[in-house]
Amino acid sequence: MINEINPDVYISTEDIAARTKEIGNAITKEFRGEEVVVLCVLKGAFIFCSDLLREINLPTKLEFISLSSYGANTESSGNVIMEMDVTSNLEGKNVIIVEDIVDTGLTMKFLLGLLEQKKPKTLKVASLLHKTSRTQVPITVDYLGFEIEDKFVIGYGLDYAGRYRELPYIGVLNAGN
Ligand code: IMP
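Described in the following lines is the structure provided in the data block. (Residues numbered from 1 in each chain as written. Predicted model: local features only at pLDDT ≥ 70, side-chain atom pairs only at ≥ 80, totals over all residues. Heavy atoms only, no water.)

### What about the overall build of the protein chain?
Within the protein chain one finds three helices and nine strands. Helices and strands in the protein chain line up, N terminus first, as β-α-β-α-β-β-β-α-β-β-β-β. Relative to its length of 177 residues, the protein chain is compact, with a C-alpha radius of gyration of 16 Å against a globular reference of 16 Å. Dimensions of the protein chain, computed from C-alpha atoms along their principal axes, come out at roughly 50 × 35 × 30 Å. In the protein chain, the share of contacts with a sequence separation of at least 24, taken over all contacts with a separation of at least 6, comes to 67%. Where the 18 positive side-chain charges of the protein chain centre and where its 25 negative ones centre are 5 Å apart. (Helix = DSSP H or I, 4+ residues; strand = E, 2+ residues; numbered from the N terminus. Rg over C-alpha atoms; globule rule 2.2 N^0.38 Å. Contact = heavy atoms within 4.5 Å. Lys, Arg positive; Asp, Glu negative; His and termini not counted. Charge placed at Lys NZ, Arg CZ, Asp CG, Glu CD.)

### Here's the deal with the pattern of salt bridges
This structure, assessed with the given rule, holds 11 salt bridges. Here lysine 21 makes a salt bridge to glutamate 55, at a shortest N to O gap of 3.5 Å. With lysine 21 in helix 1 (residues 13-30) and glutamate 55 in the loop between helix 2 (46-53) and strand 3 (60-68), the pair connects residues that are 34 residues apart, well separated along the chain. A salt bridge links lysine 118 to aspartate 85; its shortest N-O distance comes to 3.1 Å. Taken as a pair, lysine 118 in the loop between helix 3 (106-116) and strand 6 (122-130) and aspartate 85 in the loop between strand 4 (81-84) and strand 5 (94-102) lie far apart in primary sequence, 33 residues in all. Residues participating in the shared-partner salt-bridge network are Asp103, Lys131, Arg134 and Asp150. (Salt bridge = Lys/Arg side-chain N within 4 Å of Asp/Glu carboxyl O.)

### Side note on the sheet that holds strand 9 (residues 170-172)
Spatial ordering of the open sheet is given by 1-9-8, a layout of three strands whose pairing is antiparallel. Since the sheet does not close on itself, it has two edges, and those belong to strand 1 (9-11) and strand 8 (153-154), each with one partner. (Pairing = 2+ DSSP bridges.)

### Things to note about the pairing of strand 6
The two faces of a sheet get side chains in turn, since along a regular strand they alternate between them. Counted residue by residue, strand 6 has seven buried out of nine residues, so it is predominantly covered. Pairing geometry for strand 5 and strand 6, over eight bridges, is parallel. Within strand 6, the position partnered with valine 95 by the bridge is leucine 123. Handedness of the crossover joining strand 5 and strand 6 through helix 3 is recorded here as right-handed. With four bridges connecting them, strand 6 and strand 7 (residues 143-147) associate as parallel partners. Each bridged residue has a counterpart across the sheet, and for histidine 130 the counterpart in strand 7 is glutamate 147. (Buried < 20%, exposed > 50% of the residue type's maximum accessible area, 1.4 Å probe, protein only. Right-handed = clockwise from strand over helix to strand, strands pointing away.)

### So, the side chain of glutamate 99
Structurally, the position occupied by glutamate 99 is in strand 5. Despite being buried, glutamate 99 has no salt bridge partner; arginine 165 is the closest side chain of opposite charge, sitting 8.8 Å away. The residues contacting glutamate 99, other than those within four sequence positions of it, are Val41, Ala45, Phe48, Thr107, Met108, Ala126, Ser127 and Leu128.

### Quick notes on the packing of helix 1 against helix 2
One can describe the packing of helix 1 onto helix 2 by two numbers: an axis separation of 9 Å at closest approach and a directional angle of 55°. Taken together, the axes of helix 1 and helix 2 lie oblique to each other. The hand of the helix 1/helix 2 crossing is right-handed. In contact with Thr20, Ile23, Gly24 and Ile27 of helix 1, helix 2 contributes Phe48, Asp51 and Leu52. Of the residues belonging to the contact of helix 1 with helix 2, the class tally is four nonpolar, two polar and one charged. (Axes fitted to C-alpha atoms, helices over the stretch in contact; angles between N-to-C directions. Parallel < 35°, antiparallel > 145°, perpendicular 65-115°, else oblique. Left-handed = near helix turned anticlockwise from the far one by under 90°. Nonpolar A, V, L, I, M, F, W, Y, C, P; charged D, E, K, R; others polar.)

### Things to note about the packing of aromatic side chains
Going through the model one piece at a time under the given rule, you end up with one aromatic pair. Measuring from centroid to centroid gives 6.0 Å for phenylalanine 152 and tyrosine 160, while their planes differ by 80°, and the two rings are edge-to-face. According to the relative accessible area criterion, phenylalanine 152 is buried, its value standing at 18%. Residue class for tyrosine 160 comes out partly exposed when judged on its relative accessible area of 28%. (Phe/Tyr/Trp six-rings, centres within 6.5 Å; stacked < 30°, edge-to-face > 60°.)

Here it is, written out as structure tokens:
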């Protein structure tokens, strides 16, 4: 057996797909007639981003950036490191950051600061999940999938110590798992 745990479904594959479609439609409506740069924050957002990209009916370009704020823990270290920068010029572009989850907000604050220096025309945040009760830095999530409780979630790209990204739904990591 590849996975030794089968976490309970917290957000189903179907609910994620339906919400992703709605977010894609909202982005399509807001940027009609323009090009957008979809900026995938690695690694956790890669599945959400690939599904969202296919729900945006606009000319798009895809960029990646890699950030790290966690070691093998479930608590943010607060130290955000950029492991890989974007490869194209974002000046004058409509940039949509695509993230898996905003927890304390420290990572997104760091990323917004970094990207503002690149002088995009617009800078928006799309996040599948937001743990609002854990906020340390308030972040405006322009396109939000689901507000969630203070639980450590895995699957659909989100990991625990590098694992469980392949689960097709969002599950909760319990002590008993
Ligand atoms: P923040 O800086 O506290 O907002 O944390 C953001 C990052 O922490 C996310 O991009 C995730 O990589 C990670 N993270 C926060 N909460 C969870 C969770 O419940 N499961 C998996 N990763 C999480």
